[in-house]
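# Geometric and topological summary
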Amino acid sequence: MRRRDNKMQVAGISRRQQEYLKQRSRHRRFVKMMRILLLFGFLVLWETAVRFGWIDGFIFSSPGRIAGTFMGMVEDGSIFRHMGATLFETVASFLLVVVTGLLCAVLLWCSDKLSEILEPYLVVLNSLPKSALAPLLIVWLGANRSTIIVAGMSVAIFGTILNLYTGFREVSQDKMKLIYTLGGSRRHVLTKVVLPSTVPATISIMKVNIGLCLVGVVIGEFIGARCGLGYLIIYGSQVFKLDWVLMSIVILCVIAMGLYAAIGAAEKQYSKRL
């Protein structure tokens, strides 16, 4: 009798788990469907408003005109040059932010005196409006791709250093004491405890930084570029080719979503290994 009761309990738990998983699956499908319907409805409303003259198509453009502009630039290949420039500059600035931020955070963690000296300056630099730095960077470094990459870095680098350093300081002290008790050095604490413990926080910071680097790159392209989606936006607004402007904004949204999804996929792969 007890065995039967146990089997019935296990079966009951299994059914409840299956029902819960089915509910979660239905919820995810519902959310995805509503997102698609919301986007589709917005595009249909936008196109309809232009077709019936509710809004000015010259100023607001339309999905059809944006798609036609994109296909025209695909045929002559110019859009790939602009997309490639912005994507390369964003990825380059992002990688440099990650490497530089980690190195600087490690230096601050290794030296308490250095962190006490530099922390207020990092806070001030992080609070500066980065759009104000872009014109100065163009004057100092010239209007070239390296300057745009530096502009992309400037938006995220100081916040990255502060956040990583804060994450390093919040690592469990008990684990550090254990390493020291076993005869380990500060280097062992860093490599065996601090860095592995802050990987999730580092990935979260990277997910934010990829968008910030894209913003910084576009700001740099506004001022000192002859190629890129930021250049298309500023040039299109100057010559009233607003189809170019809105097309570039849409492409930037797609690029941002793709880069964020790539980091999210890397985060899932890391979580599976744990």
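Cut-offs and rules
- Sequence order as written defines the numbering, with residues in each chain counted from 1.
- The model is predicted, so local features are restricted to residues of pLDDT at least 70 and side-chain atom pairs to those at 80 or more, both for listing and for counting; the totals for chains, interfaces and linings are taken over all residues.
- Hydrogen atoms and water are omitted, and side-chain values are computed over all heavy atoms in the structure.
- For helices the rule is a DSSP run of H or I covering at least 4 residues; for strands it is a run of E covering at least 2, with both sets numbered from the N terminus onward.
- When we talk radius of gyration, it's over C-alpha atoms, and the globule rule is simply 2.2 Å times the number of residues to the 0.38.
- Whether a residue is buried, partly exposed or exposed follows from its accessible area with a 1.4 Å probe, protein chains only, as a fraction of its type maximum: under 20%, in between, or over 50%, in that order.
- When checking whether two residues touch, look at their non-hydrogen atoms; a contact exists if any pair is within 4.5 Å.
- Per-residue confidence from the predictor is reported as pLDDT, which spans 0 to 100.
- Buried Ala, Val, Leu, Ile, Met, Phe, Trp, Tyr and Cys residues form a nonpolar core when they are joined through side-chain atoms within 4.5 Å.
- Exposure above 30% relative accessible area and the lack of any salt bridge qualify a residue for a patch; like charges then connect within 9 Å, and the nonpolar side chains Val, Leu, Ile, Met, Phe, Trp and Tyr within 5 Å.
- Accessible areas in this description were obtained via Shrake-Rupley with a 1.4 Å probe; residue shielding takes into account the shown protein chains only.
- By definition, a salt bridge exists where a carboxyl oxygen of Asp or Glu is found within 4 Å of a side-chain nitrogen of Lys or Arg.
- Asp and Glu are treated as the negative residues and Lys and Arg as the positive ones, with His and the ends of the chain left uncounted.
- The atoms used to mark charge sites are NZ of Lys, CZ of Arg, CG of Asp and CD of Glu.
- Geometry of aromatic contacts follows a simple scheme: Phe, Tyr and Trp rings, the Trp one being its six-membered ring, pair when their centres are within 6.5 Å, and the pair is stacked under 30 degrees between planes, edge-to-face over 60, tilted otherwise.
- Throughout, disulfides are identified as pairs of cysteine sulfur atoms within 2.5 Å of each other.

## Observations concerning the overall build of the protein chain
Within the protein chain one finds twelve helices and zero strands. The secondary structure elements of the protein chain, listed N-terminal to C-terminal, are α-α-α-α-α-α-α-α-α-α-α-α. The C-alpha radius of gyration computed for the protein chain amounts to 25 Å, which surpasses the reference 19 Å derived for 274 residues by more than 25%, pointing to a less compact arrangement than a globule. Across the 274 residues that make up the protein chain, the buried fraction comes to 35%. Here the analysis covers contacts within the protein chain between residues at least 6 apart in sequence; of these, 70% occur between residues at least 24 apart.

## With respect to the confidence of the model for the protein chain
Counting all residues, the mean pLDDT for the protein chain is 86, and 95% of those residues have values of 70 or more. Counting contacts from residues 5–11, a segment whose pLDDT is below 50, to residues more than four positions away or on other chains yields zero contacts.

## Side note on the nonpolar core
In this structure, Ile 79, Trp 109, Val 194, Leu 229 and Met 247 are the most contacted members of the largest nonpolar core, which totals 46 residues. Setting aside its immediate chain neighbours within four residues, Trp 109 contacts Tyr 165, Phe 168, Met 176, Arg 186, Val 189, Leu 190 and Val 194.

## Topic: the environment of Phe 60
In this fold, Phe 60 is placed in helix α2 (residues 57–60). On the basis of relative accessibility, which here comes to 43%, the residue Phe 60 falls in the partly exposed class. Put simply, Phe 60 and Trp 46 are 14 residues apart on the chain and 8.9 Å apart in space, counted from C-alpha to C-alpha. For Phe 60, the contacting residues outside a window of four places in its chain are Trp 46, Ile 55 and Leu 246.

## Notes on a positive patch on the surface
Residues Lys 22, Arg 24, Arg 26, Arg 28, Arg 29, Lys 32, Arg 35, Lys 268 and Lys 272 make up a contiguous surface patch of positive charge. Elements that contribute at least two residues to the positive patch include exactly α1 (2–51) and α12 (242–273). Sorting elements by how many residues they give to the positive patch places α1 first, with seven residues. Note on Lys 268: relative accessible area 59%, which makes it exposed.

## Brief notes about unusual backbone geometry
For Ser 61, which is not glycine, the phi torsion reads 55 degrees and is therefore positive. Positive phi outside glycine occurs at Phe 240, with the angle close to 60 degrees. Position of Phe 240 among the secondary structure elements: in the loop between α11 (229–238) and α12.

## Quick notes on the side chain of Ser 115
Mapped onto the secondary structure, Ser 115 falls in helix α5 (residues 112–127). Ignoring any residue separated from it by four or fewer positions in sequence, one finds Ser 115 in contact with Leu 108 and Tyr 165.

## Looking at the packing of aromatic side chains
Evaluated as defined, the whole model comprises four aromatic pairs. Residues Tyr 231 and Tyr 235 carry aromatic rings whose centres are separated by 5.7 Å and whose planes lie at 15 degrees to one another, so their mutual orientation is stacked. Of this pair, Tyr 231 and Tyr 235 both sit in helix α11, four residues apart, roughly one helical turn. Where Tyr 235 meets Trp 244, the ring centres are 6.0 Å apart and the plane angle is 35 degrees; that geometry is what we call tilted. With a relative accessible area of 21%, Trp 244 lands in the partly exposed category. Here a set of aromatic residues connected by ring pairs shows up, and it is made of Tyr 231, Tyr 235 and Trp 244.

## With respect to the state of the cysteines
Throughout the structure, instances matching the rule amount to zero disulfides. Not engaged in a disulfide, the cysteine Cys 213 finds its nearest cysteine sulfur in Cys 104; these two sulfurs lie 14 Å apart. You can call Cys 213 buried: its relative accessible area is 0%.

## Some thoughts on α11
Those residues of α11 not exposed but buried are Leu 229, Gly 230, Tyr 231, Leu 232, Ile 233 and Gly 236. Directly after α11, the chain includes Phe 240, whose backbone phi takes a positive value near 60 degrees.

## Some thoughts on the pattern of salt bridges
Summed over all chains, the structure comprises four salt bridges. For Glu 47, the salt bridge is made with Arg 51, and the minimal N-O distance between the two is 3.0 Å. Placement of both Glu 47 and Arg 51 in helix α1 is noted, with a separation of four residues, approximately one turn of the helix. Overall, Arg 51 belongs to the exposed group, its relative accessible area being 65%. Here Glu 267 makes a salt bridge to Lys 207, at a shortest N to O gap of 2.9 Å. With Glu 267 in helix α12 and Lys 207 in helix α10 (residues 199–224), this pair connects stretches of sequence that are 60 residues apart.

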